[in-house]
Structures are given as C-alpha cells and as structure tokens.
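So you can see what is in the structure, the chains are spelled out below.
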Amino acid sequence: MSKDEEVSEGIAMNSGIETRSENVHIDNVDFAQRIITVLAVPYESPTSVPFRHEMWTEVFSRSAFKGIESQTRKIPATTSLSIPAPDHAGAKLVGRVLSSDPYRDAGLISEVKISRTADGDETLELASDEALFPSIGFMIKNPKFDQELDQYTKTRRVNRAFLDHLAFVGQPAYEGAKVLAMRSEDANQPMGSRTPRMDEFLNDPILRWASERVRR
C-alpha cells in the first residue's frame, strides 16, 4: 500500500462509523424500569465481517473499550426495524446507554435505558419476543496503532475502539453477545438475582475455561 493510500485509508477509518450486530437472548422481561443489560461486544470471539469490501475475520481484544466507564459523552440507543439494516439505516432514537463495564471476561457489558415513547415501547415488545438483536456502532481513531491487520489471513484485531452508539436490529451479524436482563423499577418486587441469566452465562464453566486459556 502506498503512503497516499495509507493516508486515505486512515482518513476513511477515522471518519467512518462501523457497525456490528450481535446474537440475542432475553430473560426477566419486565417493562417497568425499561433497562436492558446486554453483552454488547464479546472479546476474543473471531467473526467473519465485511471489511474493505471483503470478508475478514475480526476479533475484539480485551483492551478494546478500556476506559469507556469514565466517558462523559452520552451514547445514544437506537432501533432499526428494516431487514437488512446496513449501517443501521432508518434507525430511530429510543434511549441511551446508561453505563458500560469493559472489564468482564466475556466482553463489554452495557446497560441501556429505553425511553417511554412509541418507538421505545415497540423496541421492548420486540426484544421480549426475541425478535431484535443488539448491535454496536464504533470508531477506530488511529488505524495505525489501534488495530492489527493481517493481509495474508484477512484477520483484523481491534485493540482500541470507541463506542458511537448501540442499536437494536432485526438481523444479527455477530455470534456470542446476549441481551441478559430487563429489570423492574419496583424495588420491593422480589426478583432474586437482578440479572440471573447474566450470572448463569458469566459463571458457565466452559466460558470460564475459555477465558482462562485466553489470558495465559
């Protein structure tokens, strides 16, 4: 690649928002609090994605979203009901990301607050029917240092990324992410663990074994 091509590629990567969709699982559907907990980005999970007009294998490193918990920018949550929905086309604002935890072994876990609007209500209904999939929009600010590209194997490792938005779409691209829980506002309502499916998922012995293997 020439220097001019590298500069052009860097500008394109720097200004563009990339989108990745995830697989979904719903548990504890309760519309009162309207907070959905999702495993937004699984770490160390190779997946085939379109990149540079080809299919590449993409992997998010455990460092990819380090520091996001201190980010002050409000991250919007949207819904796009079109199928397919390239680049989250036709997305409507339905809420925002309340918080994100980048330090779990499984991946980036985010809590999404769904607003009390007609589109928000529709999002909750479709999510409860397991008809929507969480999807991220992210940016890489410095392509030279924030990613590793292997042209021979067509593999891309994302070491540093910035979450632009989180969307719910009708068609997944990534395997492995989960919608872990939908919580109730009523503090007096007996619920046991507030995120039992998340606890079950994160305590899965196979997942723990895989995480330990990756860390070694």
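How each quantity is defined
- Residues numbered from 1 in each chain as written.
- Predicted model: local features only at pLDDT ≥ 70, side-chain atom pairs only at ≥ 80, totals over all residues.
- Heavy atoms only, no water.
- Phe/Tyr/Trp six-rings, centres within 6.5 Å; stacked < 30°, edge-to-face > 60°.
- Buried < 20%, exposed > 50% of the residue type's maximum accessible area, 1.4 Å probe, protein only.
- Lys NZ or Arg CZ within 6 Å of the ring centre and 35° of its normal.
- Salt bridge = Lys/Arg side-chain N within 4 Å of Asp/Glu carboxyl O.
- Helix = DSSP H or I, 4+ residues; strand = E, 2+ residues; numbered from the N terminus.
- Arc of directions from axis to C-beta.
- Core = buried A, V, L, I, M, F, W, Y, C linked by side-chain atoms within 4.5 Å.

Participant: Looking at this model, I keep getting lost on the packing of aromatic side chains. Mind explaining?
Facilitator: Each aromatic ring pair is specified by the distance between its two centres and by the angle formed by the two planes. Inspection of every chain in the model, using the stated rule, returns 3 aromatic pairs. For the pair Phe51 and Trp56, a centre-to-centre distance of 5.1 Å together with 85 degrees between the ring planes defines the contact as edge-to-face. The same class applies to Phe51 as to Trp56, namely buried. With centroids separated by 5.9 Å and ring planes inclined at 20 degrees, the aromatic side chains of Phe60 and Phe65 adopt a geometry described as stacked. Through a chain of ring-to-ring contacts, the aromatic side chains of Phe60, Phe65 and Phe138 assemble into a single cluster. Of note, Lys141 hangs over the ring of Phe162, and the distance from its end group to the ring centre comes to 4.3 Å.

Participant: When you look at the pattern of salt bridges in this model, what are you seeing that I'm missing?
Facilitator: Opposite charge on two side chains lets them pair, provided their charged atoms get close. Overall, the coordinates contain 6 salt bridges when judged by the stated rule. Taking the shortest distance from any N to any O, the salt bridge between Arg34 and Asp121 comes out at 2.7 Å. Of this pair, Arg34 sits in the loop between β1 (18-21) and β2 (35-42) while Asp121 sits in helix α2 (residues 118-128), placing them 87 residues apart in sequence. With relative accessibility at 5%, the residue Arg34 sits in the buried group. As a salt-bridge pair, Arg157 and Glu44 come within 3.0 Å of each other at their nearest N and O atoms. Taken as a pair, Arg157 in strand β10 (residues 155-158) and Glu44 in the loop between β2 and β3 (47-51) lie far apart in primary sequence, 113 residues in all. In this structure Arg157 comes out as partly exposed when scored by relative accessible area, which is 25%. Look at Glu44 and you get partly exposed, because its relative accessible area is 26%.

Participant: Please clarify how α2 should be interpreted in this entry.
Facilitator: An α-helix turns once every 3.6 residues. As a result, residues three or four positions apart point the same way. By the burial criterion, the buried members of α2 are Gly120, Thr123, Leu124 and Ala127. Looking down the long axis of α2, one finds its buried residues gathered within 95 degrees of arc, a one-sided arrangement. Glu130 sits one or two positions beyond α2 and adopts a positive phi of about 60 degrees.

Participant: What's the story with the nonpolar core in this structure? I'm lost.
Facilitator: Side chains of a nonpolar character, in soluble globular proteins, are inclined to be buried together. With 26 residues, the main nonpolar core has Phe60, Phe65, Ile136 and Phe168 as its most contacted residues. Elements represented by at least two residues in this core include exactly β2, β5 (75-80), β6 (92-101), β7 (107-114), β8 (133-139) and β11 (162-169). The element contributing the most residues to this core is β2, with 4 residues.

Everything listed here is a matter of geometry and, on its own, says nothing about what the molecule does.
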